[in-house]
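Chain and residue survey
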Amino acid sequence: MAKKKKEKIDGLSSDDLKKIHRAVRLIWSWSYPCRLVKKRSMHEDGFPRCENPKCPSEGRRVPKVSFDHIAPVGEVGGPNYIARMFTPSSGLQALCRACHDVKTRVERGLTPRKSRKSHSRASKSSASESSASNKPSDYDPFDFR
Ligand SMILES: [Zn+2]
């Protein structure tokens, strides 16, 4: 993999911060709160359910959920960063991809894509739609920025 040369920073770089964030998230994904919400969202049929009460899936099974911090964790090393990351499971929710996309966009100050009619019949259609416009490689189930 050809890396373009980056200016080396003799100290804490934004790259380091990104790596720290990723590492903390990884450790968090092994944490008990995370396992609890995973267990909570998983149903007997082996499929998870989205915990957003307004989810278009209406409590039906979804292929995959992301574990979302209800209160955004915020900047790496920000106030109570670690404590916010390791919030009890009541501060977490399992969201299907459509719901997680919307929440992430809102948190990043982007306008949520117009809730189109198809949103009410989510799972199948929106999954393929959003991956087209949303760089699927950028999608990370443990991305809770
Ligand atoms: Zn949902």
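Presented here is an overview of the structure given in this document.

Thresholds, definitions, all that
Residues numbered from 1 in each chain as written. Predicted model: local features only at pLDDT ≥ 70, side-chain atom pairs only at ≥ 80, totals over all residues. Helix = DSSP H or I, 4+ residues; strand = E, 2+ residues; numbered from the N terminus. Buried ≥ 20, exposed ≤ 12 C-beta atoms within 10 Å, placed from the backbone. Contact = placed C-beta atoms within 7 Å. Core = buried A, V, L, I, M, F, W, Y, C linked by C-beta atoms within 7 Å. Pairing = 2+ DSSP bridges.

With that out of the way, let us pick up the overall build of the protein. Within the protein one finds 5 helices and 2 strands. In the protein, the succession of α and β elements from N to C terminus is α-α-β-α-β-α-α. Split into buried and exposed, the 145 residues of the protein put 22% on the buried side. In the protein, 63% of the contacts between residues at least 6 apart in sequence involve partners at least 24 apart.

Counting residues in each nonpolar core, the largest one holds 16 residues, and the members touching the most others are C50, V65, A94, L95, C96 and C99. Residue assignment for this core shows that the elements contributing at least two residues are α2 (32-41), β1 (65-69), β2 (92-96) and α4 (97-107). Looking at this core element by element, the count peaks at 4 residues for β2. Once residues lying within four places of it in the same chain are set aside, the contact partners of C96 are C50, C55, S57, V62 and V65.

Here the focus is the pairing of β1. Within β1, 5 of the 5 residues are buried, leaving the element largely enclosed by the surrounding structure. Burial along β1 is two-sided: V65, F67 and H69 and S66 and D68, pointing in opposite directions, are all buried. Taken together, the 5 bridges between β1 and β2 define a ladder with antiparallel strand orientation. When the sheet's bridge partners are listed, H69 is paired in β2 with L92.

Moving on, we get to unusual backbone geometry. Non-glycine residue E58 carries a positive phi angle of around 50°. Following the sequence through the fold, E58 ends up in the loop between α2 and β1. A positive phi angle, close to 55°, is found at N80, a residue other than glycine. Relative to the elements of secondary structure, N80 occurs in the loop between β1 and α3 (81-85).

Among the 5 residues that make up β2, 5 are buried, leaving the element largely enclosed by the rest of the structure. On β2, burial covers both faces: L92, A94 and C96 on one face and Q93 and L95 on the other are all buried.

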